Amino acid sequence: MDSVYEETPFVVPNSSSARSPKGHARDVHILSAAFLLVFLAYGAVQNLESTLDSENDLGTTSLGILYVSFTVCSMFASPVVRSMGSKRALVVGTTGYWLFIAANLKPKWYTMFPASVYLGFTASIIWVGQGTYLTSTARSHAKDCNLHEGTIIGNFNGEFWGIYASNSVVGNLVSLLLLGESEGATTGTTLLFIVFLCIMTLGTILMCFLHKRDGSEGREEGPSSFVSSLTSVSKAIVAPLSDARLLLIIPLFAYSGLQQAFVWAEFTKEIVKPALGESGVAGIMVVYGAFDAVCSLVAGRITSNLSSVTLIVAGGSFAQAAILIWILVKYSATRGVLGMIYPALMAVALGIGDGVFNTQIYAMIGMLFENDMEGAFAQLKLWQSGSTAVVFFLTPYISLHAMATVIISALCVAVLSFLFLTLRVERVFSRSVSTS
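Note that the structure is predicted; figures quoted are calculated from it, not measured. (Residues numbered from 1 in each chain as written. Predicted model: local features only at pLDDT ≥ 70, side-chain atom pairs only at ≥ 80, totals over all residues. Heavy atoms only, no water.)

### Thoughts on the side chain of Thr395
Item 1. For Thr395, the location among the structural elements is in the loop between α15 (373-394) and α16 (400-435).
Item 2. On the basis of relative accessibility, which here comes to 7%, the residue Thr395 falls in the buried class.
Item 3. Polar contacts involving the side chain of Thr395 include one to the side chain of Glu266, which spans 3.4 Å.
Item 4. Polar side-chain contacts of Thr395 include one of 2.7 Å to the backbone oxygen of Val391.
Item 5. Sequence-distant contacts of Thr395, that is, excluding residues within four places in its chain, are made with Ala265, Glu266 and Met403. (Helix = DSSP H or I, 4+ residues; strand = E, 2+ residues; numbered from the N terminus. Buried < 20%, exposed > 50% of the residue type's maximum accessible area, 1.4 Å probe, protein only. Polar contact = N/O pair within 3.5 Å; in protein donor to acceptor, adjacent residues only side chain to side chain. Contact = heavy atoms within 4.5 Å.)

### A short note on the packing of helix α5 (residues 109-145) against helix α14 (residues 336-368)
Item 1. Where α5 meets α14, the closest approach of the two axes is 10 Å, and the angle between their N-to-C directions is 60 degrees. As the angle between them shows, α5 and α14 are arranged oblique. α14 is crossed by α5, and the crossing has right-handed handedness. Contacts between α5 and α14 involve Trp127, Gln130, Gly131, Thr135 and Arg139 on the former and, on the latter, Tyr362, Gly366 and Met367. (Axes fitted to C-alpha atoms, helices over the stretch in contact; angles between N-to-C directions. Parallel < 35°, antiparallel > 145°, perpendicular 65-115°, else oblique. Left-handed = near helix turned anticlockwise from the far one by under 90°.)

### So, the confidence of the model for the protein chain
Item 1. Mean pLDDT over the protein chain: 82, with 82% of residues reaching 70 or higher.
Item 2. Considering each helix and strand of the protein chain separately, the mean pLDDT is smallest for helix α1 (residues 2-7), with a value of 42, and largest for helix α4 (residues 86-103), with 94.
Item 3. Per-residue pLDDT stays below 50 along residues 1-20; that stretch engages in 43 contacts with residues further than four places along the chain or on separate chains.
Item 4. The low-confidence segment residues 216-224, where pLDDT is below 50, has 20 contacts with residues more than four positions distant or belonging to other chains. (pLDDT = per-residue confidence, 0-100.)

### Notes on the environment of Ala123
Item 1. Looking at where Ala123 falls in the secondary structure, it is placed in helix α5.
Item 2. Classification of Ala123 by relative accessible area gives buried; the value is 2%.
Item 3. Separated by 26 residues in the primary sequence, Ala123 and Tyr97 have C-alpha atoms spaced 7.9 Å apart.

### A few points about the nonpolar core
Item 1. Residues Phe35, Tyr42, Tyr97, Trp127, Phe196 and Phe267 are the most contacted members of the largest nonpolar core, which totals 122 residues.
Item 2. It is helix α11 (residues 244-276) that contributes the most residues to this core, 16 residues altogether.
Item 3. Not counting chain neighbours up to four residues away, the residues in contact with Tyr42 comprise Leu63, Leu66, Tyr67, Tyr97, Phe100, Ile101, Leu119 and Met200. (Core = buried A, V, L, I, M, F, W, Y, C linked by side-chain atoms within 4.5 Å.)

### Looking at the side chain of Lys87
Item 1. Note on placement: Lys87 falls in helix α4.
Item 2. Among the polar contacts listed, one links the side chain of Lys87 to the backbone oxygen of Leu210, at a separation of 2.9 Å.

### Quick look at unusual backbone geometry
Item 1. For Asn146, which is not a glycine, the phi torsion comes out positive at approximately 55 degrees.
Item 2. As for its placement among the helices and strands, Asn146 is situated in the loop between α5 and α6 (149-165).

### Side note on a nonpolar patch on the surface
Item 1. On the surface, Val68, Val72, Met75, Phe76 and Phe393 cluster together into a nonpolar patch covering about 380 Å² of accessible area.
Item 2. Per element, the largest residue contribution to the nonpolar patch is four residues, and it comes from helix α3 (residues 58-84). (Patch = residues over 30% accessible without salt bridge, like charges linked within 9 Å, V, L, I, M, F, W, Y side chains within 5 Å. Areas by Shrake-Rupley, 256 points an atom, 1.4 Å probe, with all protein chains shown as cover. Salt bridge = Lys/Arg side-chain N within 4 Å of Asp/Glu carboxyl O.)

Structure representation (structure tokens):
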């Protein structure tokens, strides 16, 4: 293991080329707003899948297929995004979300399953493209304005994830408005999906106004070199795994997917719906999204280096651990006032944790993996989507308590591994300072 640490420096020096200012903040605003529009539609539909498409578990199975496809396609995402350029990957990536919502207008296996497979591919490239684009923009802004790079990466990630997380608030309010008076009615859900398709189309159009600005945009390749990139995909998958830093944060990548899937599949179905009904799912997810958004903005603002990331991650881990222990030890379904308060309190803590993990994982990748951002973000999505798929496939077969046990065990492993990484990084910094 020591040889790996010696071969791979823990902190890569900044090697970005000089660029003239091109409205870096403008592009972050556009990117954030476009993702808000796309994902307020998709996120609300995903939250309702397990309840709206209950026949033969069609909704849950579709989500499981989606995340298996997402996992497999994440292996190819790095060379695909590198070849397409991150802006083009962002625009093309929205098409899968549009098709998935359109498939919900006629929710049958022959519409949902192919749409889920295609969405898995487009999701892999849109998220790798997003991470690459946002980090490149932050680096350019820091360089052009002579600002601390870690702080700008944290600030830009905080703005993006804060606005992105508010999709849960807006999307679920729309769902609550359209479904509240006609719970489960076909006309209400059809209208809901049509409204969401229109909103998502606006998000796709907005994405087209982004500048081409990161390193991958300058590496656009012809068809022959694209084929050549795909043939070397095994190298793109295996090479990042030789980096000890990446190995140590993979458990955190996986946990971030587990905790999100737990909210979407278990929390809404086993805790919220029995207490508040189907329309109550949207209301509680508004609470979840609001605290996710606020926490993302705050966490991004106070992020500056790896030490701050460590403290923030510890806080988010504690919030979610408290809820998981509550579910394991003392929680039981109830109605009335407590039936509203308990799910709301859980949504607050779970939203805080999600906001922490989203902002800090992306900021950490930006700080540590400058030389291969596409590869690092592809690994993030590979492990996130793989763990999410596991939850969706296990949900019909194991109890809430069993799932909570799995999640809290994964949290313990992730936190311990992450703390070991930060100790190694700090030791490298201390050595470099003492020898300089």
